[in-house]
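These are the residues of each chain, in order.
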Amino acid sequence: MAKPVVLIAEELSPATLEALGPDFEVRHCDGANRTELLQALALGVDAVLIRSATKMDAEAIGAAKGLKVIARAGVGLDNVEIPAATAAGVMVVNAPTSNIVSAAELAISLLLASARFISPAHEALRNGKWARSKYTGAELFEKTLGIVGFGRIGQLVAHRMQAFGMDVIAYDPYLQPARAAQLGVRLVELDELLKISDFITIHLPKTKETANLIGVEALKKVKPAVRIINAARGGVLDESALYDAIKEGRVAGAGLDVFSTEPCTDSPLFTLDQVVATPHLGASTDEAQERAGIAVAVSVRKALAGELVPDAVNVKGGLIHEDVRPALALVEKLAGVLAGLAGEVPVSIEVEVHGEIAEHDCSVLATSALRGALAISGAEDVTYVNAPSLAHERGLSSTVVTDPISPDHRNVVTLNAALSTGIKISISGTLMGIRQVQKIVAIDSYDLDLVPTDNLLFLRYADRPGVVGTVGNALGKAQINIAGMQVARDHAGGAALMVITVDSPVPAEVLSSLAEQTGADLARSVNLGG
C-alpha cells in the first residue's frame, strides 16, 4: 500500500521529520506561494504541515484531494479557515503549549527593554552618542505589574516577574480567584488594573470581545508612567490610541511584538524612542520551533491512524481532560458492539457517564459513540471531525448525560440505543485497574465481565442443558478457535445470553447453523477489528 502523503509547506525543524518517522511520503512546497501550494495540494495529500505564512482557506482546502489533517506548528490559527475545514471533514490541530515559554520570555524582554530604553540607547551608541542622561529608565522592583489575560503565558510571566520583586495583579473573567491566589496573584477588574499598574502586559487572543480592548477609553485611565507590552495578538491594543497617548505624555512607553496588520514595517510608533518593537518573534526560538514541530508531527501520526488528537481544535467537546481520554476508545468499542448486535445503525444513542470522570467535560464521548457505530456499520474513514455530519446523514444522533455517582465501579459508561423498529438496546462498560483494561459489564439485563476483543459471537436462547457443548462442537468443526466464553441469564430456565470471544470472524453459514441448532432468537457475529 502507498504511504500516506504529508506535505510540509513551510520550513520546520529537522526534529519534525524525525518525529514523523518513515511511515509517510514527505513532500515539500512553498506555502506562501499560492500557485505552488494549490498545485501541491491538488496532487493529493493526507496531511499538510504549516506555520503562519501558508493560508489554508476554503479554496486551498477544496483543492486538497484526500486531505485529512491541517497541522499548524504553533499556536495561532488565523491563517486556517476552521469552518471550511470542519465542513470538509478535515481535522485542524496546533501546538498550543509549544511556544508558551518563548512567548513569556519575549514579553519580559520587551518589558525590560521598555523600562530601560534599551533599543534607542543602543541605536544612539551605534551612532556615536553617549546619551546617558537622555535614557533614564525605571526599576521593576516593588512596582505593580498588571497582566491582562491570565492563561498559561500570563501565569509564566507572573511567576518570573515575582522574582523581580513585582506585585502582580491580573484581569481574567474566566479564571477562578482561587487559582490566581495559588500563584500569589490578585484578580481584579480591568478598570482597577488600568488605574494601579506601573506596567501592563497583554496575553489575550484577539476576538470580537477583545478587539481594541486597550483603546482610547482604557488609555485615559492609566498612570502617566505606565509602560504597556503586547506580545500576544495585534489588535487587542489600539495602536493609534497608543501613539496618541505616548505623544501626549499619558503613557510612558511600550513594547510591541504584534500588530493589527502584519507584516508591519511602517508605523508612527516606530518613530518614538519610548517604543521598542520586534517583528512577531514570540515563537521564534529554536526550542519553540522544535517543540511545535514534534507536537504536530505526533498529532498527524495519531490523526492518520484514526485516533483522536487531544489538541484538535475542531472536534466537538474541545480540549479533552486526561481522565476522560481512556473512555474514548471504550465508548467506541461499546458503540460498535451495540450496533453490531442491533444489525443496523441506531436512530439515537444516549451515553450515560457515571463516576469520577463525570466531573469533567465528557461531551466528546457523544462523538466517540457515533464513530464506533458508524465504523461497524461499514462507513469508511470516519473521524472525530466528520462523524457528526456522517451520522446526521444516516439519521443517527447522540447525547451525553453525566452523574458523579457510580455504585459498582469507579467509572462506568452505559450506551442506550433506540432502533428504527422501536426496540431499545443497552450496553455498559468500564475500565479496570491501573492498566485501564476495557470491560463490558452488562448488555441489557445480563451481567457480564468481558474484554471486547476483535471478534465476538452473541447467542440469545432459552436456557437449557447442552447448548454450550453444541456451540463448542459447531465452532470446532468450522475451525474457529474459542478464546473465552460467558453465559449470563436472567433466571434458571429463562433467557440466556452467550458471549464467545473467538480468534476469527464467524461466517454467515456457521452463524445460521448455530441459530438453528440452539434455537437462538438472536445470533450475531460482531467484528470490531475492521
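Residues numbered from 1 in each chain as written. Predicted model: local features only at pLDDT ≥ 70, side-chain atom pairs only at ≥ 80, totals over all residues. Heavy atoms only, no water.

Where an unreviewed UniProt entry is consulted, the chain appears under the name phosphoglycerate dehydrogenase, with the organism given as freshwater metagenome. In its Catalytic activity (unreviewed entry) section, the UniProt record describing the chain reads: "(2R)-3-phosphoglycerate + NAD(+) = 3-phosphooxypyruvate + NADH + H(+)". (UniProt positions renumbered as here; feature names shortened; annotations may be inferred.)

Before going further, it helps to spend a moment on the nonpolar core. When a protein is soluble and globular, its nonpolar side chains tend to lie buried together. In this structure, L365 and L415 are the most contacted members of the largest nonpolar core, which totals 73 residues. With eleven residues, the top contributor of residues to this core is helix α12 (residues 325-342). Counting 30 residues, the second largest nonpolar core, distinct from the first, contains L219, I246, L269 and L272. (Core = buried A, V, L, I, M, F, W, Y, C linked by side-chain atoms within 4.5 Å. Buried < 20%, exposed > 50% of the residue type's maximum accessible area, 1.4 Å probe, protein only. Helix = DSSP H or I, 4+ residues; strand = E, 2+ residues; numbered from the N terminus.)

Below, the discussion takes up a nonpolar patch on the surface. Together, M432, V437 and V451 line one region of the surface with nonpolar side chains, adding up to about 200 Å² of accessible area. Mapped onto the elements of the fold, V451 is located in the loop between β18 (446-450) and β19 (455-462). When its relative accessible area of 37% is taken as the criterion, V451 is described as partly exposed. (Patch = residues over 30% accessible without salt bridge, like charges linked within 9 Å, V, L, I, M, F, W, Y side chains within 5 Å. Areas by Shrake-Rupley, 256 points an atom, 1.4 Å probe, with all protein chains shown as cover. Salt bridge = Lys/Arg side-chain N within 4 Å of Asp/Glu carboxyl O.)

Further remarks concern the sheet that holds strand β7 (residues 167-171). Taken together, seven strands build an open sheet; the order of strands is β8-β7-β6-β9-β10-β11-β12 and the sheet is parallel. The open sheet terminates on both sides in strands that have one partner only, identified here as β8 (186-187) and β12 (275-277). Where strand β6 (residues 144-148) lies against β7, five bridges are found, and the strand directions are parallel. Looking across to β7, one finds that G146 is bridged to I169. (Pairing = 2+ DSSP bridges.)

On to the sheet that holds β18. Spatially, the six strands line up as an open sheet ordered β14-β13-β15-β16-β17-β18, and their pairing is mixed. At either end of the open sheet lies a strand with only one pairing partner, and these are β14 (397-403) and β18. Here the strands of the sheet are splayed against their neighbours by 20° on average, with no regard to which way each runs. Here strand β13 (residues 348-355) pairs with strand β15 (residues 411-418) via eight bridges, running antiparallel. If you follow V351 over to β15, its bridge partner there is L415. Along the sheet, α12 contacts β15, β16 (424-432) and β17 (437-443); its crossing angle with β16, the most-contacted strand, is approximately 150°. Contacting β13, β14 and β15, helix α13 (residues 364-376) crosses the sheet at an angle of about 135° to β14. (Axes fitted to C-alpha atoms, helices over the stretch in contact; angles between N-to-C directions. Contact = heavy atoms within 4.5 Å.)

Take unusual backbone geometry next. A cis amide bond links E262 with the next residue in sequence, P263, at an omega value of -5°. With respect to the helices and strands, P263 occurs in the loop between β11 (253-256) and β12. The backbone phi angle of E142 is positive, close to 65°, even though this residue is not glycine. By the element assignment, E142 lies in the loop between α6 (118-126) and β6.

Note on helix geometry: an α-helix contains 3.6 residues per turn, so any two residues three or four positions apart are oriented the same way. The set of residues buried in helix α15 (residues 467-477) consists of V467, V471, A474 and L475. Each buried residue of α15 lies within a common arc of 95° when the element is viewed along its axis, so the set occupies one face. Of the residues in α15, the exposed ones pointing more than 90 degrees away from the buried face are N473 and K477. Residues of α15 that are buried make contact with β19, β20 (482-489), β21 (495-502) and α16 (508-518). Immediately downstream of α15, the backbone of Q479 shows phi near 60°, a positive value. (Arc of directions from axis to C-beta.)

The buried count for β15 comes to seven of eight residues, which makes it a mostly enclosed element. For β15 and β16, the ladder comprises six bridges, and the chain directions are antiparallel. Bridging across to β16, V413 finds its partner in G429. In this structure, the hairpin formed by β15 and β16 is closed by a connection of five residues, where G422 is found at a positive phi of approximately 95°.

Where like charges cluster on the molecular surface, the negative patch consists of E18, E105, D286, E287 and E290. Per-element accounting of the negative patch gives the leading share, three residues, to helix α11 (residues 286-304). Along the chain, D286 turns up in helix α11. (Lys, Arg positive; Asp, Glu negative; His and termini not counted. Charge placed at Lys NZ, Arg CZ, Asp CG, Glu CD.)

Domain assignment breaks the chain into domain 1 (5-96 + 287-305), domain 2 (99-277), domain 3 (315-452) and domain 4 (454-529). If you average the C-alpha positions of domain 2 and of domain 4, the two centres end up 70 Å apart. (Domains from an automatic or database assignment.)

Moving on, we get to the pattern of salt bridges. Within the structure shown, the criterion is met by 18 salt bridges. Here K220 ties to E217 by a salt bridge, and the two come within 3.3 Å at their closest N and O atoms. For K220, a relative accessible area of 55% gives the class exposed. Notably, a salt bridge pairs D449 with K439, separated by 2.9 Å at the nearest N-O pair. Taken together, the residues D449 in strand β18 and K439 in strand β17 connect sequence positions ten residues apart. In the salt-bridge network here, residues are joined through shared partners; they are R34, D57 and E59.

Once that is clear, we can look at helix α5 (residues 100-115). Here α5 is 16 residues long and its end C-alpha atoms lie 23 Å apart, about the 22 Å a rise of 1.5 Å per residue gives. Across the 16 residues of α5, twelve count as buried, placing the element largely inside the fold. When α5 is considered as a whole, its buried residues turn out to be I100, S102, A103, A104, L106, A107, I108, L110, L111, A113, S114 and A115. After α5 finishes, the residue F117 shows a positive phi value of roughly 55°. (Expected span 1.5 Å × (residues − 1).)

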